[in-house]
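Read off the chains here:
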Amino acid sequence: MDNREKKLIAFDMDGTVLAARGEVTSRLRAALEYAMEKGVYVVPCTGRSRRQLPMSLEALSLPYTITANGARVRDEKKGVTIHSDLLDWQTARGLCKLVKRFPGASVCVYIEETVYFEGAGEAQIRQSYHIPSYMEVKLTGDAEILVETRRQGVEKLFVRVEDASAREAMRCEVAKWPQVSCSSSSPRNLEFGKAGCSKGAALCWLCQTLNVEREAVLAFGDGENDREMLRFAGRGLAVGNALPVCKKAADQVIGACEEDGVARYLEEVFGRMF
C-alpha cells in the first residue's frame, strides 16, 4: 500500500501508543494530525471506556472512537453511540459469580461508558491498576450486586487475576459459555464480552459504514485483544513490545511503544518527519 491508499488508521492505546505517562507523544500527535488533514480517519480502538481517553487524544477532535474492546462505536462529532454490542446483564452477573470462586480475583464492570472498580478504596485501586490521575475511578463493593441492581447491558468485564494457574482455570471455565468472548490485554487479566464482540468486528462495522475497504486500513496493537483488529486490517502492525500472540497475528512487527514505534512507522508511510 502506498500513502494514497491509506483511508483509516486504527490503534490500540495502552502499550501501543501511550507512553509511560499515559499520553501520546508530540511526535505521534503531529503524525495523526497530518493524517487527518489528508482525509484519513484516525480511530482509537481500545479496551478502555470512552471516559478514559487521555487528554492528548481528546485534543485531536477525533471523528470516531471504538471502546471497551469493540462494545461501543461512537460518532465523536455528534457525541452519540452509533453501534453497540453488549453482554446481557444476566450473563454478566453469572460471570461475576464465577470470578468469586477464585481467591484474589476482582472485577471491573463497564456500563454506559463508565468503569466500576471492585475494591476497598480509590487510592488502593489507583495503585493496583496503575491508573493515572486524569482517569475517573468509581467504586463498587460487589460487582455482582452492581450488575443485578443496574440490569443494563454490560460493555465488558475486566477481571484482574495475578495467579497464572487461576487465570488459565478461569479461562477454561468461561470457554464453556457460548454467549461470552474471552480475551486479554496483559498476563494479569482476562476480559469478557459478548460472543463475537471484538475490536476487529467493530472496526469492520465502521469501515462498512464509512465505505472504507479493509485494504485501506492500518491497524496497530500489542495485546491478545488486538488480534482480530490486526487480522481485519489491510496492514496489521504489532509494536515491538507486543505479546507473542499479537505478533503472530500481525503482518509486521515495528518499533516498541516506548520507542515511538507507531509514530516512526507513520513517518515512513507519509514520507515526512514530525
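Quick summary incoming for the structure in this document.

Reading the values: rules and limits
Residues numbered from 1 in each chain as written. Predicted model: local features only at pLDDT ≥ 70, side-chain atom pairs only at ≥ 80, totals over all residues. Heavy atoms only, no water. Phe/Tyr/Trp six-rings, centres within 6.5 Å; stacked < 30°, edge-to-face > 60°. Helix = DSSP H or I, 4+ residues; strand = E, 2+ residues; numbered from the N terminus. Buried < 20%, exposed > 50% of the residue type's maximum accessible area, 1.4 Å probe, protein only. Axes fitted to C-alpha atoms, helices over the stretch in contact; angles between N-to-C directions. Parallel < 35°, antiparallel > 145°, perpendicular 65-115°, else oblique. Left-handed = near helix turned anticlockwise from the far one by under 90°. Contact = heavy atoms within 4.5 Å. Nonpolar A, V, L, I, M, F, W, Y, C, P; charged D, E, K, R; others polar.

1. What to know about the packing of aromatic side chains
Applying the stated criterion across every chain, the model contains four aromatic pairs. Relative to Phe270, the ring of Tyr34 lies with its centre 5.6 Å away and its plane at 80°, an arrangement referred to as edge-to-face. Of this pair, Tyr34 sits in helix H1 (residues 26-37) while Phe270 sits in helix H10 (residues 261-270); the two residues are 236 residues apart in sequence, bridging distant segments of the chain. Across the pair, exposure class does not vary: Tyr34 and Phe270 are buried alike. Seen from their ring centres, Tyr34 and Phe274 are 5.3 Å apart, and the 55° between their planes marks the pair as tilted. Here Tyr34 is found in helix H1, whereas its partner Phe274 is found in the segment after H10, with 240 residues between them in sequence. In this structure Tyr34 comes out as buried when scored by relative accessible area, which is 14%.

2. Overview of unusual backbone geometry
Even without being glycine, Ala68 reaches a positive phi, approximately 50°. Residues other than glycine seldom take positive phi values, yet Asn69 does so here, at roughly 60°. As for its position among the elements, Asn69 is in the loop between strand E3 (64-67) and strand E4 (72-75).

3. Structural notes on the packing of helix H3 (residues 89-99) against helix H5 (residues 143-150)
Look at H3 against H5: their axes get within 8 Å of each other, and the N-to-C directions meet at 165°. Taken together, H3 and H5 sit at an angle that is classed as roughly antiparallel. Of the two elements, H3 crosses H5, and the hand of that crossing is left-handed. Residues Trp89, Ala92, Arg93, Cys96 and Lys97 of H3 lie in contact with H5, whose contacting residues are Ala143, Glu144, Val147 and Glu148. Per-class residue counts for the contact of H3 with H5 are five nonpolar, no polar and four charged.

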